[in-house]
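One-letter residues, chain by chain:
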Amino acid sequence: MPLKTVLLGLLLMLGACGSLPRGAGLQSEVLGRGAKAAAKEAEADPAAYASAEFSVEPITRSSLARYAGWPAIGAGQRAWIKRVDQPNTRVIASGDMVTVSIWSTEENGLLTAAGERFVNLPPAQVSSSGQIFLPYIGPTKISGMSPEHARSVIEKAYVAVTPSAQVQLALTEGRQNTASVIGGVANPGPYPLADQDVTVLDIVAASGGVTANLVNPQIKLQRGDRTYAISMSRLMNDTSLNTTLAGGDRIFVEADSRYFLSLGAAGTRAQHQFPQETVSALDALSIIGGVAAERANAQGILVLRTYPANTVRTDGSGPRNVRSIFTLDLTSADGLFSAGEFQIQAGDLIYVTESPLISARNVFGVIGSVFGLSTQADRLSQ
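Below or above, wherever it landed, is the structure these notes cover. Please read all numbers here as calculations on a predicted model, not as lab measurements. (Residues numbered from 1 in each chain as written. Predicted model: local features only at pLDDT ≥ 70, side-chain atom pairs only at ≥ 80, totals over all residues. Heavy atoms only, no water.)

Right, let's talk about the pattern of salt bridges for a bit. The final tally for this structure, using the stated rule, is 10 salt bridges. Two residues, aspartate 249 and arginine 223, come together in a salt bridge whose shortest N-O distance is 2.7 Å. Linking aspartate 249 in the loop between α7 (232-237) and β12 (250-254) with arginine 223 in strand β10 (residues 218-223), this pair joins segments that are 26 residues apart in sequence. Assessed through its relative accessible area of 1%, aspartate 249 is described here as buried. Across the pair aspartate 256 and arginine 258 runs a salt bridge whose closest N-O atoms are separated by 2.8 Å. For aspartate 256, a relative accessible area of 2% gives the class buried. Judged by relative accessible area, arginine 258 falls into the buried class, the value being 8%. A network of salt bridges, in which partner residues are shared, links Glu57, Arg66 and Arg320. (Salt bridge = Lys/Arg side-chain N within 4 Å of Asp/Glu carboxyl O. Helix = DSSP H or I, 4+ residues; strand = E, 2+ residues; numbered from the N terminus. Buried < 20%, exposed > 50% of the residue type's maximum accessible area, 1.4 Å probe, protein only.)

In structure tokens form, the structure reads like this:
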């Protein structure tokens, strides 16, 4: 049997069983050849898809509203505290340091020596009960007061024993009246709360602003045993979210931890950070460099997503299966517009399937090469 015939037969067998190397799977291989028919049946009877290995969900104008009502997943689900306006006054708290100076016109007062007109009392720390000790007065509660109100209270107490007394008060905030910026800014550290109306953006600005290398910076706020988070872009665009800080708050500024993946016949195959708060499927395709023009099946763009088991529904109000595959057809106007409205979520995999024409092209290319080699072999054997 001629060598050319043997090689041709082997190549045809390899092509038929799909053994030629490829960089991505075909849509029919990933979804299964009966997947489209099963998806249509599931539209008519959602319960029929409950036992399936995964559900297939086409991204079209008619389905977008339904998907928008499904639960969001991933690291993007975070709580935040809305702003509540506070008086822009300072308030004394436990742990603050207070220095009291007393002025008097008396020649021989209780607190001043002969020839003196004022005395600086030793700095006193506000106790856990909100008090400081004052000579000749005793424990005096000043926490919860503004510095001016506390000064007036102390002066009134001293006037009772030294009629001409006048009081000055200097306040240094302690831990209960400071907020700490941990990282992600030019100058991290503790910062005093100048009044009750210091906001998150105020303290970020005071610490030198967000460092320039952070991708889609996120603000995390630790208050007590709870942690809140929000993106910097949302915080700057909505003044109602610029929450007022409380003493002891800790602020972290860090890059967005959310990411999505791209594989198959995509422009790049990698892990991609979210560069902004929301990323549509069209945004994601741009981020990954589109699809490989010489290999990709533009009708077979898949978004693979895993939902929590407790979100699965049979009435359309949630995913029909924990494993959901959303399909995109970039060859239609509806598919392109819908891709711009479908939101990618943290952990999604964008898989670009390979065009079925590629396998045939590869087979024919190899066959052509084999014919060339076979012809050379025939010539050498003559």
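Turning to the pairing of β12, a few remarks are in order. Of the two faces of β12, only one is covered, namely that formed by Ile251 and Val253; the face formed by Arg250, Phe252 and Glu254 stays uncovered. Where β10 meets β12, 5 bridges bridge the pair, whose relative direction is antiparallel. By the bridge assignment for β12, lysine 220 is matched with phenylalanine 252. (Pairing = 2+ DSSP bridges.)

Here the focus is the packing of aromatic side chains. With the rule as written, the count across this model stands at 8 aromatic pairs. Ring centres of tyrosine 67 and phenylalanine 342 lie 6.2 Å apart, and the angle between their planes is 85°; on these two criteria the pair is classed as edge-to-face. Of this pair, tyrosine 67 sits in helix α4 (residues 61-68) while phenylalanine 342 sits in the loop between α9 (333-339) and β18 (343-344); the two residues are 275 residues apart in sequence, bridging distant segments of the chain. With respect to class, tyrosine 67 is no different from phenylalanine 342; both count as buried. Arranged with centres 6.1 Å apart and planes meeting at 50°, the rings of tryptophan 70 and phenylalanine 326 form a pair that is tilted. On the criterion of sequence distance, the pair formed by tryptophan 70 in the loop between α4 and β2 (97-103) and phenylalanine 326 in strand β17 (residues 323-328) is long-range, its members being 256 residues apart. No difference in accessibility class separates tryptophan 70 from phenylalanine 326, as the two residues are buried. (Phe/Tyr/Trp six-rings, centres within 6.5 Å; stacked < 30°, edge-to-face > 60°.)

All right, on to the sheet that holds strand β19 (residues 349-354) then. Strand order in this open sheet of 6 strands is β1-β17-β16-β19-β13-β14, and the pairing throughout is mixed. Lying at the two open borders of the sheet, with one neighbouring strand each, are β1 (55-58) and β14 (271-273). Geometrically, the sheet is characterised by an average inter-axis angle of 25° between neighbouring strands, direction not taken into account. Where strand β16 (residues 296-306) lies against β17, 6 bridges are found, and the strand directions are antiparallel. Among the inter-strand pairings, isoleucine 301 is bridged to a residue of β17, identified as leucine 328. (Axes fitted to C-alpha atoms, helices over the stretch in contact; angles between N-to-C directions.)

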